[in-house]
Amino acid sequence: MKKILVVGSGLTGSVISRVLAENKFNVTIIDKRNNIGGNVFDYTNEKNIRVHKYGPHLFHTNNVKVVDFIKKYSEWVEYKHKVKAILADGTYVTLPVNKETKRIVGEENIIETFYRPYSEKMWGIKLEELSPDIINRVPIRDDNNELYFPNDKFQLIPKNGYTDFVNKLLDHKNITIKINTPFDKKMEKNFFHIFNSMPIDEYYEYIHGKLEYRSIKFFNIDFPSPRILPVTTVNFTHKSKYTRMTEWKNIPHHGKNDEYTTVTYEEPCSFEDNNDEKYYPVKDLKGENRSLYLKYKNLKNDKVEFVGRLGNYAYLDMDQCIGSALKISENFLKKSNIA
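Residues numbered from 1 in each chain as written. Predicted model: local features only at pLDDT ≥ 70, side-chain atom pairs only at ≥ 80, totals over all residues. Heavy atoms only, no water.

A. Summary view of the sheet that holds strand β7 (residues 83-86). Taken together, seven strands build an open sheet; the order of strands is β8-β7-β13-β14-β15-β12-β16 and the sheet is mixed. Each edge of the sheet is formed by a strand with only one pairing partner; in this case those strands are β8 (92-95) and β16 (280-281). The pairing of strand β13 (residues 233-236) with strand β14 (residues 244-247) spans three bridges and is antiparallel. Within β14, the residue paired with N235 across the bridge is R244. Helix α4 (residues 110-123) rests against β7, β8, β12 (213-223), β13, β14, β15 (261-270) and β16 of the sheet, and its axis sits at about 105 degrees to β12. (Pairing = 2+ DSSP bridges. Helix = DSSP H or I, 4+ residues; strand = E, 2+ residues; numbered from the N terminus. Contact = heavy atoms within 4.5 Å. Axes fitted to C-alpha atoms, helices over the stretch in contact; angles between N-to-C directions.)

Right under this line is the structure:
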């Protein structure tokens, strides 16, 4: 009755594992990758610069409960993220689009300059076929704000990195970690309950059809320069296949090197072209993917609860992952007559 299996060691799975372990459940957490942390995994490269392997992860929230939770396991420092876009003539302008960006580009050119090229590369479909929710995540502003998350009270980064944070989160006597361990349904018989963050359609062997996902290829370059970009992340506005680049040293506590800097640039792609790495669910305008997901979600399965981005087929920020995991754990403990 006390044995729990958690599939996936990203933020959702790791938070669930910790909460249940503290409530005397024996938790086994598995991950098919050779590291823990899911997509927040980071590492220090040979230039002594910390790199987020799966793209920049910037924690931002107004959720005090989530902030109180994460600070129990790691030291967090303030970091207010800024993003620029680079125009064809090399000019840098602020994103989200603000009053100054509108003046430089022209309000009538905003969609074609910033939203269409980036979104169509990112999602692999025409802008008109995407849910408006995608565009509305980064609203156009009428002031000269330069912050990417201007409305969030807490904007933080773990001082020693996300991998260190997840390691501490999973450091409990009731947690067993197994990396390089793909999920197999045969495992289920050995556990009272399973929290599964794998793609829900894959779990059910695509009986209703395949959901759409997007992936990203990451390319790292070390430059013999102490610094290159004016801010951490710069979006491209050109029509090449690349969307943005990130210079890691612009984030606090991401390494010291007076001679080199590391930049990562990104190429969105289908997951089939990237070793089956599924990162983002596709929110199409007609809601066809959402409807297909609901068919899977409504399949009765009392022993398995699907969690995280892929299990819930939803784009989730880090604070949402953690907040959701805390709520899922709380509900499970109540049902189990523990809480």
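Text resumes after the structure shown.
B. The arrangement of the sheet that holds strand β11 (residues 193-196) in detail. Pairing within the open sheet is parallel, and its five strands lie in the order β10-β2-β1-β11-β17. At either end of the open sheet lies a strand with only one pairing partner, and these are β10 (175-178) and β17 (304-306). Within the sheet, the average angular offset between the axes of one strand and its neighbour, ignoring direction, is 20 degrees. The pairing of strand β2 (residues 26-30) with β10 spans four bridges and is classified as parallel. Within the sheet, the bridge partner assigned to I30 lies in β10 and is K178. Relative to the sheet, helix α1 (residues 11-22) contacts β1 (3-7), β2, β10 and β11, its axis offset from that of β2 by approximately 165 degrees.

C. Structural view of helix α10 (residues 318-335). Taking 1.5 Å of rise per residue, 18 residues should cover 26 Å, and α10 covers 26 Å from first to last C-alpha, within 8% of that figure. Of all the residues in α10, the buried ones are M318, D319, C321, I322, A325, L326, I328, S329, F332 and L333. Directly beyond the C-terminal end of α10, a positive phi value near 60 degrees is found at N337. (Expected span 1.5 Å × (residues − 1). Buried < 20%, exposed > 50% of the residue type's maximum accessible area, 1.4 Å probe, protein only.)

D. Spotlight on the pattern of salt bridges. The tally for this structure, following the rule as stated, stands at 20 salt bridges. When the shortest N-O distance is used, the salt bridge between K82 and E146 registers 3.8 Å. Of the two residues, K82 sits in the loop between β6 (76-78) and β7 while E146 sits in the loop between α5 (132-136) and β9 (154-158), which places them 64 residues apart along the sequence. Each member of the salt-bridge network shares a partner with another, and the members are K65, K327, E330 and K334. (Salt bridge = Lys/Arg side-chain N within 4 Å of Asp/Glu carboxyl O.)

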